Structure formats: structure tokens, C-alpha cells
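Letter by letter, the chains look like this.
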Amino acid sequence: MEPEEYCRLILASAPQRTEETIPTMSGHGRIAAEDVIADSPIPGFATSAMDGFALDETALTSARTGAEVDVRGDIPAGARPVDITPGTAVRVMTGAQVPATAEVVVPVEYTDAERTGPAPDRIRISSWPKGARPGWNIRAVGEDTGSGDTVITAGEVINSAGVGTLAMMGRETIRVRRPLTIGLIVTGDELVTDSATSSQPFIHNSNLPMLSSAIAAAGAIPVERSCGDDPAAFRQIVDELRDSVDLIITTGGISAGAFEVVRQELGDDHSTFLRLSMRPGGPQGHGRIAGVPLLHFPGTPTGAILSFPLFARSVIAARPLASRWRKAVYTGPEITGHSTAVSLVPGRLTAGGEIAAFDRSRLRDFAGAEVIIRVPRAPGIIRPGDVIRVLDC
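Residues numbered from 1 in each chain as written. Predicted model: local features only at pLDDT ≥ 70, side-chain atom pairs only at ≥ 80, totals over all residues. Heavy atoms only, no water.

### Observations regarding the layout of surface pockets
Threshold: Definitions used throughout: a 1 Å grid over protein atoms alone; a cavity as a set of points that fits a 1.4 Å probe which cannot get out; a pocket as an open set with protein on both sides within 12 Å along at least five of seven lines; a lining residue as one with an atom within 4 Å of a point. Grid points are joined across faces, edges and corners, and a volume is the space filled by probe spheres set on the points. Helix and strand definitions follow DSSP, with helices as H or I runs of at least four residues and strands as E runs of at least two, each counted in order from the N terminus. The nonpolar class holds Ala, Val, Leu, Ile, Met, Phe, Trp, Tyr, Cys and Pro. Asp, Glu, Lys and Arg form the charged class, and all remaining residues, Gly among them, are polar.
Roughly 620 Å³ of volume is contained in the largest pocket. If you trace the largest pocket, you find 25 residues lining it, with Ile 31, Val 157, Ala 218, Arg 313 and Ala 317 closest to the centre. Breaking the lining of the largest pocket down by element, the ones donating at least two residues are helix 7 (301-317) and strand 27 (387-392). In terms of residue class, the lining of the largest pocket is built from twelve nonpolar, four polar and nine charged. Space inside the second largest pocket adds up to approximately 330 Å³. For the lining of the second largest pocket, the secondary structure elements donating two or more residues are helix 4 (207-217), helix 7 and helix 8 (363-367). With five residues, helix 7 is the largest single contributor of residues to the lining of the second largest pocket. A per-class count over the lining of the second largest pocket returns twelve nonpolar, no polar and one charged.

### Digging into the pattern of salt bridges
Inclusion rule: Salt bridges are defined by distance alone: a side-chain nitrogen of Lys or Arg within 4 Å of a carboxyl oxygen of Asp or Glu. Classification of residues uses two cut-offs on accessible area relative to the type maximum, computed with a 1.4 Å probe and protein chains only: under 20% is buried, over 50% is exposed, and between them is partly exposed.
Evaluation of the coordinates by the stated rule reveals 20 salt bridges. Note that Glu 20 is salt-bridged to Arg 30, the shortest N-O span being 2.5 Å. With Glu 20 in strand 1 (residues 19-23) and Arg 30 in the loop between strand 1 and strand 2 (36-37), this residue pair connects regions lying ten residues apart in the sequence. Assessed through its relative accessible area of 29%, Glu 20 is described here as partly exposed. Under the relative-accessibility criterion, Arg 30 is labelled buried at 18%.

### With respect to helix 1 (residues 3-11)
Keep this limit in mind: The directions considered for the arc run from the helix axis to the C-beta atoms.
Burial in helix 1 covers these residues: Pro 3, Glu 4, Tyr 6, Cys 7, Ile 10 and Leu 11. With its buried residues spanning 160 degrees around the axis, helix 1 presents them on a single face.

### Overview of helix 3 (residues 160-168)
Definition in use: Contacts described as polar in this section are N or O atom pairs within 3.5 Å, which, within protein, must combine one atom able to donate a hydrogen with one able to accept it, while residues neighboring in sequence count only if both atoms come from side chains.
Of the positions making up helix 3, those classed as buried are Gly 162, Val 163 and Leu 166. For helix 3, the angular spread of buried residues about the axis comes to 100 degrees, placing them on one side. Facing away from the buried side of helix 3 by over 90 degrees, the exposed positions are Ser 160 and Ala 161. For helix 3, the side-chain oxygen to backbone nitrogen distance between the N-cap and Ala 161 is 3.2 Å, and the N-cap itself is Asn 159. Immediately beyond the C-terminal end of helix 3, within one or two residues, lies Gly 170, with a positive phi of roughly 85 degrees.

### Notes on the nonpolar core
Where a protein is soluble and globular, its nonpolar side chains tend to be buried together. The test is simple: The term nonpolar core refers to a set of buried residues drawn from Ala, Val, Leu, Ile, Met, Phe, Trp, Tyr and Cys, joined through side-chain atoms within 4.5 Å. Only heavy atoms matter for contacts: two residues are in contact if any of them lie within 4.5 Å across the pair.
With 38 residues, the main nonpolar core has Ile 249, Phe 308, Leu 310 and Phe 311 as its most contacted residues. A total of eight residues in this core trace back to one element, the largest contributor, which is helix 7. Not counting residues within four places of it along the chain, the set of residues in contact with Phe 311 comprises Pro 3, Tyr 6, Cys 7, Ile 10, Leu 276, Met 278, Gln 284, Leu 295, Phe 297 and Leu 321.

### Details of empty space enclosed by the protein
Considering all chains together, one arrives at one cavity of 30 Å³ or more under this definition. Reported here for the largest cavity is a volume of approximately 40 Å³. Of all the secondary-structure elements, those providing two or more residues to the lining of the largest cavity are strand 19 (283-289) and strand 20 (292-297). When residues in the lining of the largest cavity are grouped by element, the largest group, three residues, is from strand 20. A class-by-class count of the residues in the lining of the largest cavity yields seven nonpolar, three polar and no charged.

### So, the packing of helix 4 against helix 7
Defined as follows: Orientation is described by lines fitted to C-alpha atoms, with helices fitted over the stretch in contact, and by angles between N-to-C directions that extend from 0 to 180 degrees. Angle categories are assigned with fixed cut-offs, so that under 35 degrees is roughly parallel, over 145 is roughly antiparallel, 65 to 115 is roughly perpendicular, and the rest are oblique. Less than a right angle of anticlockwise turn of the near helix away from the far helix marks a crossing as left-handed, whereas a clockwise turn marks it as right-handed.
Axis separation between helix 4 and helix 7 bottoms out at 10 Å; the angle between their running directions is 20 degrees. On the basis of the axis angle, helix 4 is roughly parallel to helix 7. Considering how the two elements wind past one another, helix 4 and helix 7 form a crossing that is right-handed. Residues Asn 207, Met 210, Leu 211, Ala 214, Ile 215 and Ala 217 of helix 4 pack against Pro 301, Ala 304, Ile 305, Phe 308 and Arg 313 of helix 7. A per-class count over the contact of helix 4 with helix 7 returns nine nonpolar, one polar and one charged.

### What about the sheet that holds strand 20?
Two pairing modes exist for strands in a sheet, parallel and antiparallel, and in both the strands are linked by backbone hydrogen bonds. Counted only if it meets this: Two strands form a pair only when DSSP identifies at least two bridges running between them.
Ordered by their spatial adjacency, six strands build an open sheet running 15-12-16-20-19-17, and the pairing between neighbours is mixed. The outermost strands of the open sheet, each flanked by one partner alone, are strand 15 (221-227) and strand 17 (271-275). Each neighbouring strand pair of the sheet contributes to a mean axis angle of 15 degrees, computed without reference to strand direction. Relative to strand 19, strand 17 runs antiparallel, the two being bridged by five bridges. The residue of strand 19 that forms the bridge with Arg 275 is Pro 283. The sheet strands contacting helix 7 are strand 12 (181-187), strand 16 (247-251), strand 19 and strand 20, and the helix crosses strand 20 at an angle near 160 degrees.

As C-alpha cells, then:
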């Protein structure tokens, strides 16, 4: 089974998402749970796109002959507009409401007026650019957003511009998906977080901080636990977590060895374990306990960190892996596919925007990677210039 097919399988038991309403200012990075529809146009009134002078049709006709035009008013941004006396001009600032009879706004740099200080008594237009026509430098009502426009779509991640759009519309709150709470259980007697307390051969526990940070970066809330190879202790942790989390991820203990704590404790009643046609990270598992979905990753750090963007991020986003790959141009070196499995290789962007592969697929290589390159199984080969599929790390 290739990773895309496996992902479709585990998505069938993805956790249900609930919603909450939060202040607009707290929306950055959150996933919208509603379509946001503009209930009024933006701008709501015609505004000036430049600092300059608003002229009516009569004044515009006169100015085109080189005649001086009297200035009879000043409209700073945020001030109430004044009417244009027929045949005259009014000075306007960027963002100010222009008078209803304004035909154009002539930027101050096209006139003989000073750019600062009080409004002049009269102006002369020193030059006319090509293409200056009625409506020049006047932002019409609804030019940015029309009433009824969808400005944010449900499922969309709200970025800084999205927060600004909501604020521009006067929206004080936004309905978003509640972040998932994810229990993370890292197993293995050999793993320690404090080497000073261990008198036995040990391996530093990299999976716990690595995957906890990955969970947080995906917009979820990690609940960390570590466990040795005692099945009873492992089951106790699972039972403690299942009532307070939306998803449980485990690492290690899923192969065919003698001390595979996750497989031994959950394999009969709750979880299914299999080997995918992918490398690294082939051993995988999934299941459900008391209604809580389970994902089981391999214990090798490289396998664990690869499993997260492929499968955990797909579950968190409720989006199939097959739809998350994007196309890119490959710059090298040539890679021949493995005879029995899809290969997943760390890659980076070059200065020209193409993708280059790292020479190896160690954890330290993925630390510098920007994408994961999908290399099809043999006889597949990717060569410089090929269009390939990549997944953002």
C-alpha cells in the first residue's frame, strides 16, 4: 500500500472538529469555520487614491487648456467632504472622501502647488499623463470589495491580511475551528530525556520534542507523555489521555520484535499494523480506542518526522495526501526509484526556484529541508528538468 492510499484509509476516522468564536485580533493562523460575506461595499464612499486636487468637469476642461483653476476647499482624510464650487478645485488627501461632482483627482506632483502647507488659492496643471480619463485617481464605491462578496472562505487559514480584511469590514469576531488536542506518547526503554539519571546504555529522546513542536506548528495542542516498554504502563497512559484529547499519536513499538509495546497492547482489539510501500517510515499503524483515533508511527526519528507531514497533517487538515502534493521542477541529482517502495527524499529550493535533493535522508538532512520529494518506485527515475511532486515540510 502506497502512502496516498493509506492516508485515505486513516482519514475515514479523522477526529471531529468543533468550533469557537474568537476576537478578530486573535484570528491569525486559525482556520475559518464560516464563509465571511461582506455586508457593505469597501470603500463605502468614493475616495481619493492620491494627494492632489479634485476637479469637476468644468474645471477639468479649463485646466486642459493650461488655464489656472481656483482652489476652494480642503478635505483631509477623515474629514467631511465639501462641495466643489462649479469650475473650481478642492484639495484632497489620500483616503479622503471626494465630492460627488469630482471628475478626476490630479496628483499634486502634476501641478505647480507645494506638496505641503496650506492649500493654494489656485493651481495650474503642469503636465497631463497619457490615459488620464474620467474617474482618474478616484476609488469607486465597492472597488475593493462589493456587498455580498465572499472575503474569507470556510477552511481557509487566516493570515495577517485576513485579519486586516476582517477589521476593515468592522468584524469584531470570527468563528474558527477549535484547535485539536493531540496526545503524544513516545515509547522505548532506551530513550531518556535526562542522561545524567541513566546508568544504562541510552539514546536521547529526540522524538518527543521533535513531534511536540510539529504538533504545535500544525496549530494543534500537544500533550506529551513518555513510556518504556511495559505494556501495562503504556495502556495506563492511553486510558488517561483518551478522555481529554482528540487524537493520540504514538512512536515506536510497532515492528515485529519481542518488545513492541504498542502492537502488543493495542493490536488485538484496537489497532491495525502494516508496512507501507514507502521508505523511510514504512511501518505504520492506525486504530481507535473509546472513539479517539490512533496513529502509530515508527520509532526511528527519520521515520517519525516523515510520518507527521504525510499522515498527521493530513488528518489535522482533513485533507487527503494525494491532494497535498504540488508540482515543482527538479534540478538534480538524478535519483533512481527503489525496487519495492516510494522513496521520500529531503529537498531544498534553489535560488532559481527549482528543487534540489539532499544526498542522504538522515534526520539532520530533513532539518535543512524545505520539501519532501516523492520518488516513484523503480523503474521510476527523476532527472534534472523533470516535473516532480513535492510536499512542504
